[in-house]
Amino acid sequence: MEELLAQWISGLPGVVLFLLIALCLLVLAKAADWLVDEAVDLSQRSGIPKVVIGATIVSLGTTSPEAVVSVLAALQGKPSLALGNAVGSVICDTGLILGLASFVGPLRLDRSIVNRQGWLQLGAGFLLVTACLPWSNLTLAWTEGGRLDRATGWFFLLLLALYLWATVKWAGKTAPSPGEAPAENSVPDSTAVIAAKLGLALLLVLASCWTLIPAVSEAAFRLGVPDAIIAATLVAFGTSLPELVTALSAARRGHGELAVGNVIGADILNVLFVAGAAAAVTKGGLEAPPPFFRLYFPSMLFILIVFRIGSLTAKEHLGRAFGALLLAVYVLVTVLSYS
């Protein structure tokens, strides 16, 4: 079935091919939004506090496109595409999404979350780079690259479980915001109907990703661009659309702290969940070609450090000037990727 799909895609005209990619990304984003909505409804029906929902289910939901794309790419023998999507999503989330959101409105900082989760966000970035380094001879990173092996992938998933457990524990100690309690009859559907919608949304995510991988690979082949570069830019942007929509909506409604918290959580999950799951299902792990060490890893760490410094030095809000800096870094990385 996969071979037939790949053959069909390879015969498409260029314009149709790129329209197919755009359609897949659109369906992927919409399905992910639907997945998050139904997960929230299901959690409300089960009586779980909204603060716990936002700290766990929403973050997992918005990163589900990255996870599915990366895992399917790894299973289809495209490990650089899988890792590139995870790294590129961190760069896109922190640079593009927070940058754009800060232009919509000042992003209010919840100190208790940013100071705690921000260090975990930066630590996750350094952990990924450290895990990919060829420790037998570090100089080989620039010429031969490195690898995120399978055992480390499983270790990342263990850290993911610990992170989610700690997040739920921390959330339980956090006082709810005014008006945060779920309203009566806010979930009109039954639990069975919500679960069915949740399953359908997940199927749409899987189907769109299943089509997206061969389409992106074919586009990369025609353009003469390596899979890793395409993954770290176009696919990373497409799979980050749920975070983008959430951040812009939150900033527009004056809830900038939600945008900041969602991006921080998504960055952590991109390392532990997306890269970890993709490496865990791949026998040889995920390959990190030399461009990762020359450009993508340094860019990811730089933008995470910039955000960490900015959030520490800001008083109560992240303003447009800081957003412009994040956007500039993202644009620079994108330009360098294609040049």
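None of the values given here were measured: they were computed from a predicted structure.

Peer 1: Summarise the overall build of the protein chain; cite the residues concerned and give the values.
Peer 2: On a plain count of helices and strands, the protein chain comes out with 12 helices and four strands. Put simply, of all contacts in the protein chain between residues at least 6 apart along the chain, 86% involve residues at least 24 apart. Approximately 15,100 Å² of the protein chain is accessible, and the part contributed by carbon and sulfur atoms is 69%.

Peer 1: Before we move on, can you summarise the confidence of the model for the protein chain with the specific residues and values?
Peer 2: Of all residues in the protein chain, 86% attain a pLDDT of 70 or more, and the chain-wide mean is 81. The spread of mean pLDDT over the elements of the protein chain runs between helix α8 (residues 227-239), the lowest at 68, and strand β2 (residues 146-148), the highest at 93.

Peer 1: Please give an account of the packing of aromatic side chains that cites residues and values.
Peer 2: Evaluation of the coordinates by the stated rule reveals three aromatic pairs. Arranged with centres 5.5 Å apart and planes meeting at 65°, the rings of Phe292 and Tyr296 form a pair that is edge-to-face. Here Tyr296 and Phe292 lie together in helix α11 (residues 290-313), a separation of four residues that amounts to about one turn. What makes Phe292 buried here is its relative accessible area of 1%. On the basis of relative accessibility, which here comes to 2%, the residue Tyr296 falls in the buried class. Residues Phe293 and Phe297 carry aromatic rings whose centres are separated by 5.2 Å and whose planes lie at 80° to one another, so their mutual orientation is edge-to-face. Within this pair, Phe293 and its partner Phe297 are both found in helix α11, separated by four residues, close to a single helical turn. Taking relative accessible area as the criterion, Phe293 reaches 7% and is therefore assigned buried.

Peer 1: A description of a nonpolar patch on the surface should follow, citing residues and the corresponding values.
Peer 2: Residues Leu23, Leu26, Val27, Leu200, Leu202, Leu203, Leu204 and Leu206 make up a contiguous nonpolar surface patch of about 660 Å² in total accessible area. Among the secondary structure elements, those contributing two or more residues to the nonpolar patch are α2 (14-46) and α7 (191-223). Within the secondary structure layout, Leu23 lies in helix α2. Residue Leu23 is classed as partly exposed on the basis of its relative accessible area of 48%.

Peer 1: Would you mind going over the nonpolar core in detail, with residue names and values included?
Peer 2: Counting residues in hydrophobic clusters, the biggest one holds 93 residues, and the most contacted among them are Leu83, Val87, Leu128, Leu148, Val260, Phe297 and Met300. If sequence neighbours within four positions are ignored, Leu148 has contacts with Leu128, Ala131, Cys132, Phe156, Ala275, Ala279, Gly285 and Leu286.

Peer 1: Requested: an account of the environment of Ala236, with residues and values cited.
Peer 2: Relative to the assigned elements, Ala236 resides in helix α8. Among the residues examined, Ala236 registers a relative accessible area of 0% and is labelled buried. Considered as a pair, Ala236 and Gly84 are 152 residues apart in the sequence and their alpha carbons are 7.8 Å apart.

Peer 1: Got a sec to walk through the environment of Val104? Specific residues and values, please.
Peer 2: Looking at the element boundaries, Val104 is found in helix α4 (residues 79-104). Note on Val104: relative accessible area 41%, which makes it partly exposed. Between the C-alpha atom of Val104 and that of Ser249, which follows or precedes it by 145 residues, the distance is 9.0 Å. Excluding residues that lie within four positions of it along the chain, Val104 makes contacts with Leu248, Ala251 and Arg252.

Peer 1: Give me the lowdown on the packing of helix α9 (residues 241-252) against helix α10 (residues 256-280), citing residues and values where you can.
Peer 2: A pair of packed helices is characterised by two quantities: the angle between their axes and the separation of those axes. Across the interface, α9 lies against α10 with an axial gap of 7 Å and an inter-helix angle of 160°. On the basis of the axis angle, α9 is roughly antiparallel to α10. Crossing of α9 over α10 shows left-handed handedness. Each of Glu243, Thr246, Ala247 and Ala250 in α9 lies in contact with α10, whose residues at this interface are Gly256, Leu258, Ala259, Asn262 and Ala266. The residue makeup of the contact of α9 with α10, split by class, is five nonpolar, three polar and one charged.

Peer 1: Any chance you could break down α9 for me, citing the residues and the numbers?
Peer 2: Because each turn of an α-helix spans 3.6 residues, side chains separated by three or four positions end up pointing in the same direction. Between the first and last C-alpha of α9 there are 16 Å, a value that for 12 residues agrees with the 16 Å anticipated at 1.5 Å per step. Turning to α9, its buried residues are Leu241, Pro242, Glu243, Leu244, Ala247, Ser249, Ala250 and Ala251. Gly254 lies just past α9 and shows a positive phi near 80°.

Definitions and limits used
Residues numbered from 1 in each chain as written. Predicted model: local features only at pLDDT ≥ 70, side-chain atom pairs only at ≥ 80, totals over all residues. Heavy atoms only, no water. Helix = DSSP H or I, 4+ residues; strand = E, 2+ residues; numbered from the N terminus. Contact = heavy atoms within 4.5 Å. Areas by Shrake-Rupley, 256 points an atom, 1.4 Å probe, with all protein chains shown as cover. pLDDT = per-residue confidence, 0-100. Phe/Tyr/Trp six-rings, centres within 6.5 Å; stacked < 30°, edge-to-face > 60°. Buried < 20%, exposed > 50% of the residue type's maximum accessible area, 1.4 Å probe, protein only. Patch = residues over 30% accessible without salt bridge, like charges linked within 9 Å, V, L, I, M, F, W, Y side chains within 5 Å. Salt bridge = Lys/Arg side-chain N within 4 Å of Asp/Glu carboxyl O. Core = buried A, V, L, I, M, F, W, Y, C linked by side-chain atoms within 4.5 Å. Axes fitted to C-alpha atoms, helices over the stretch in contact; angles between N-to-C directions. Parallel < 35°, antiparallel > 145°, perpendicular 65-115°, else oblique. Left-handed = near helix turned anticlockwise from the far one by under 90°. Nonpolar A, V, L, I, M, F, W, Y, C, P; charged D, E, K, R; others polar. Expected span 1.5 Å × (residues − 1).

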